[in-house]
Amino acid sequence: MPSARKRGYEASHPDFPEDLVYHIIMTITQLGLEMKKYHAIWKLWSPQLMLSGLTEENVHTGARRAYREMGWWENRNREFPATYPE
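Residues numbered from 1 in each chain as written. Predicted model: local features only at pLDDT ≥ 70, side-chain atom pairs only at ≥ 80, totals over all residues. Heavy atoms only, no water.

1. What to know about the overall build of the chain
Assigned secondary structure in the chain consists of three helices and zero strands. When the elements of the chain are put in sequence order from the N terminus, they spell out α-α-α. For the chain, the proportion of its 86 residues judged to be buried stands at 28%. Once local pairs closer than 6 in sequence are excluded, the contacts in the chain between residues at least 24 apart make up 60%. Entry remark: accessible area of the chain is about 6200 Å², with carbon and sulfur atoms responsible for 57%. (Helix = DSSP H or I, 4+ residues; strand = E, 2+ residues; numbered from the N terminus. Buried < 20%, exposed > 50% of the residue type's maximum accessible area, 1.4 Å probe, protein only. Contact = heavy atoms within 4.5 Å. Areas by Shrake-Rupley, 256 points an atom, 1.4 Å probe, with all protein chains shown as cover.)

2. A closer look at helix α1 (residues 18–35)
Over its 18 residues, α1 runs 25 Å from end to end, which matches the ideal 26 Å to within 8%, given 1.5 Å per residue. Of all the bends in α1, the greatest measures close to 30 degrees and is centred on T29. Where α1 is buried, its residues meet α2 (47–51) and α3 (61–70). (Expected span 1.5 Å × (residues − 1). Bend = angle between axes of the 7 residues up to and from the residue.)

Right, dumping it as structure tokens:
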């Protein structure tokens, strides 16, 4: 089984600027529900799916800052399997 650090959700290099990652996460969370109306790939999106599998060790500092600010970080240890719309 691959380590958590190697999972597919790791989307940015650790050297990617913290403020930029923070703003990207905040933008995605603000647009996510609306985007579900316009593109099929967004039908899979959920806040829970963004957090699934994240730990203090494998999350980018900018993303962690955004999740904490939104009050989502506490939910990161819950298991959220992807579900597919009908």
